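Chain by chain, the residues run as shown.
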Amino acid sequence: MVQQVSAAIHRLAYRRPFTEDRRVVDRWLNTHFSVILTTGMLESGSNRFDAPSIELPTESLRGSLTELRLESGVFLLDRERRLIAWNQALEDLFVEVEFTATETLPSGLPGEMVQMLLGGSELIALGAFELDYSFQSKDDRGRMCVWDVSSIRREFHSGGSAISATLVRPVALLKADATEEGLSLSESLLVYQQFDSVDRQICEAIAMGDTTGDIATMVGLTRRSVEVRRAKILERLQFTRPVEIVRLLVRLEENGLL
């Protein structure tokens, strides 16, 4: 499952290691599916393989998953590998893709990415409880990236059903794509310094993983006003998704510019 990765890469910066996001999702799975396991237990003496599938509370799962403060995209598949839940970070990674409950992953994702993710999901469906791998694929801006993936399987309904949670995020750009045109670090700093105090608070809150609702409460604005300001911040920095704000602040701190 691991593809050959070029050594000529530009690593992307995150505030938290991928393994920390995985631990958060692992705890989240234990919390939610231990409840489903308890409430969905088979009656004594029944055959678990003949048991009907539990109807998962998909809306509740999506809402709860979105509230996790993660820098990785996360999606849940049922035992038939149907998409049932995902988080905001996944939508931020692929802003042009519409994520809906469907038979499989959205067709708007790069084909090689879908192939690798579904290949890993198949191994999980066959019984693997944990799976970690990396591969190369384009991001939503057409840049070739190295992606890290971690999948976790949970069984419930006394083992008659299973679900998998998959974390994915780009960890590096291949060198040819890492030098694409865009603002330099000093140019980005100049733009950031021109933001007012509210916009800076929004940037810092995004970097800390706060939700839109949290940010709105903190700065005393409506959710819609925060969304509009965030869009203008991204436009001025020539970014396409909020995670790039995280990377910028990390780079500025690393270079002693904040």
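As the structure is a computational prediction, the values presented were derived from the model and not from experiment. (Residues numbered from 1 in each chain as written. Predicted model: local features only at pLDDT ≥ 70, side-chain atom pairs only at ≥ 80, totals over all residues. Heavy atoms only, no water.)

Visitor: In this structure, what is going on with the layout of surface pockets? I would like to understand it.
Guide: In this approach, a probe sized like a water molecule rolls over the atoms, and the result shows the empty space that is left. Considering only enclosed or pocket space, the largest pocket measures out at about 670 Å³ in volume. Taken together, 30 residues line the largest pocket, and the ones lying closest to its centre are L70, Q88, D92, G209 and D210. Of all the elements in the fold, those that place two or more residues in the lining of the largest pocket are helix 2 (58–67), helix 3 (88–93), helix 7 (197–207), helix 8 (212–219), helix 9 (223–237) and helix 10 (243–254). Residue composition of the lining of the largest pocket, grouped by class: 13 nonpolar, seven polar and ten charged. Shared between two domains, the lining of the largest pocket takes at least three residues from each, and those domains are domain 1 (1–34 + 56–173) and domain 2 (185–255). (1 Å grid on protein atoms, 1.4 Å probe; cavity = no way out; pocket = protein on both sides within 12 Å on 5 of 7 lines; lining within 4 Å. Points joined across faces, edges and corners; volume = space filled by probe spheres on them. Helix = DSSP H or I, 4+ residues; strand = E, 2+ residues; numbered from the N terminus. Nonpolar A, V, L, I, M, F, W, Y, C, P; charged D, E, K, R; others polar. Domains from an automatic or database assignment.)

Visitor: Looking at this model, I keep getting lost on the pattern of salt bridges. Mind explaining?
Guide: Oppositely charged side chains can form a pair if their charged atoms are brought close together. Enumeration according to the criterion identifies 18 salt bridges in this entry. A salt bridge links R169 to D21; its shortest N-O distance comes to 3.6 Å. Of this pair, R169 sits in strand 6 (residues 161–174) while D21 sits in helix 1 (residues 18–39); the two residues are 148 residues apart in sequence, bridging distant segments of the chain. Comparing R169 with D21 shows no difference in burial state: the two are buried. (Salt bridge = Lys/Arg side-chain N within 4 Å of Asp/Glu carboxyl O. Buried < 20%, exposed > 50% of the residue type's maximum accessible area, 1.4 Å probe, protein only.)

Visitor: Would you take a moment to explain the side chain of T212 for this structure?
Guide: Within the fold, T212 resides in helix 8. Excluding its chain neighbours within four sequence positions, the residues that come into contact with T212 are R223, V226, E227 and R230. (Contact = heavy atoms within 4.5 Å.)

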